Amino acid sequence: MKRRDFLKGAAVGGALAAAPSVRAETQFKWKMVTTWPKNFPGMGAGANFLAQTIGEMSGGRIEVKVYGGKELVPEMEIFDAVSRGTAEMGHGAAYYWKGKSEAAQFFAAVPFGLTGQEMNAWLYHGGGMKLWEEVYAPFGLIPTAAGNTGVQMGGWFNREINALKDLEGLKMRIPGLGGEVLKRLGGTPVNLPGGEIFTSLKSGAIDATEWVGPYNDLAFGLYKAAKYYYYPGWHEPGTTLECFINKKAFEALPKDLQSIVLNACRVANQDMLADYTARNNEALHALVKQHGVDLRRFSDEVLKKLKAISDEVVAEVAAKDPLTQKVFDSFRAFREQAVAWHDVSERAYLNARAL
Ligand code: CA
């Protein structure tokens, strides 16, 4: 906009510009418990952004205080804490709650599942959200999508992975369904919290680890502990982060504030994916150009087998109870459609751009 036009616009919008900046009195003081260390890049920053956005959009009528992991309750207890009303909101990832319902995993990430863009399409416009609400309803919780990491990386390895036999005996930090897949290929999956990954990899206690992507992996200094950085992150192709809300607390809000909370989650969901995309670009460049990281792609042989085993593992999980099967059926049908469309759109374009 030219300065002249801007000034004209400012004159027209004068009444708006002169509006008093009085904040409404705080009516609701909420607590948000998280599974992330306080201010953790990406996910923790996303939780902060969400709390801040709710405060701003509501003109201060809702104030949300964010607690890092362990500050109010241990990381893996936030689901119960919000369910019983110790806090009004929780920020985490649904695959942490598979002990509550196996179906929860489909709302975070499953191996060879949906990308970030596809997850949002399924959740918001493909029936996914309704199913997620059904899964969390018995716990008195309302789920929302509140962030996405995009495609993660395959991980850091201290040895080359050229063929399937190289996965045999591999001791790798890889939680969840990805870990189960590795196990069936002769590896040993290990589950370690973020804070223990670097030293375990550096000391040789583990041979490999996955974490998130260049942005978070650079911050952890993982390039100092392993030589090879493999892609793609077949096990987490677009992990959705969540914010779940205590249903009673939500229903105590007037309608406009309910809308603000839910829409602030949508904003945070979109913003985190943009944040990761921008930061991963920069961080990958730094890893390769400044730190000399050896970037490798898993071979087709390895990826094909990982996919075949993943499909088996995911189908077995789905068969565990009727609700999980219902979620999986919806997820699978959506993935089939998305594959057909993205073959001729996203993938075709990315291939064309790389010619
Ligand atoms: Ca990961």
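Residues numbered from 1 in each chain as written. Predicted model: local features only at pLDDT ≥ 70, side-chain atom pairs only at ≥ 80, totals over all residues. Heavy atoms only, no water.

Draft legend 1. Highlighting the coordination of the calcium ion. Within the protein, the calcium ion binds to Gln152 (OE1), Glu210 (OE), Glu210 (OE), Trp211 (O) and Glu236 (OE); these donor distances fall in the range 2.2 to 3.0 Å. Spacing between the donor residues of the calcium ion along the chain follows Q-x57-E-W-x24-E. Here Glu210 is found in the loop between β8 (208-209) and α9 (214-219), whereas its partner Glu236 is found in the loop between β9 (228-231) and β10 (240-246), with 26 residues between them in sequence. Of the two residues examined, Glu210 and Glu236, each falls in the buried class. (Donors = N, O, S within 2.8 Å, 3.2 Å for Na, K, Ca; no water. Helix = DSSP H or I, 4+ residues; strand = E, 2+ residues; numbered from the N terminus. Buried < 20%, exposed > 50% of the residue type's maximum accessible area, 1.4 Å probe, protein only.)

Draft legend 2. Representation of the packing of helix α6 (residues 128-136) against helix α13 (residues 322-344) in the model. Running from N to C, α6 and α13 cross one another at 165°; their axes reach a closest spacing of 10 Å. Comparing the axis directions of α6 and α13 gives the class roughly antiparallel. In the crossing of α6 with α13, the sense of the turn from one axis to the other is left-handed. Contacts between α6 and α13 pair Leu131, Glu134 and Val135 from the former with Leu323, Lys326, Val327 and Ser330 from the latter. Looking at the contact of α6 with α13 residue by residue, the classes come out as 4 nonpolar, 1 polar and 2 charged. (Axes fitted to C-alpha atoms, helices over the stretch in contact; angles between N-to-C directions. Parallel < 35°, antiparallel > 145°, perpendicular 65-115°, else oblique. Left-handed = near helix turned anticlockwise from the far one by under 90°. Contact = heavy atoms within 4.5 Å. Nonpolar A, V, L, I, M, F, W, Y, C, P; charged D, E, K, R; others polar.)

Draft legend 3. Looking closely at the sheet that holds strand β1 (residues 28-34). What the 5 strands build is an open sheet, ordered β2-β1-β3-β10-β4; its pairing is mixed. At either end of the open sheet lies a strand with only one pairing partner, and these are β2 (62-67) and β4 (141-148). Within this sheet the neighbouring strands show an average axis-to-axis angle of 25°, counted without direction. In this fold helix α5 (residues 116-125) packs onto β4 and β10, with an angle of close to 155° to the strand it touches most, β4. Strands in contact with α6 are β4 and β10; relative to β4, the strand with the most contacts, it is inclined by about 130°. (Pairing = 2+ DSSP bridges.)

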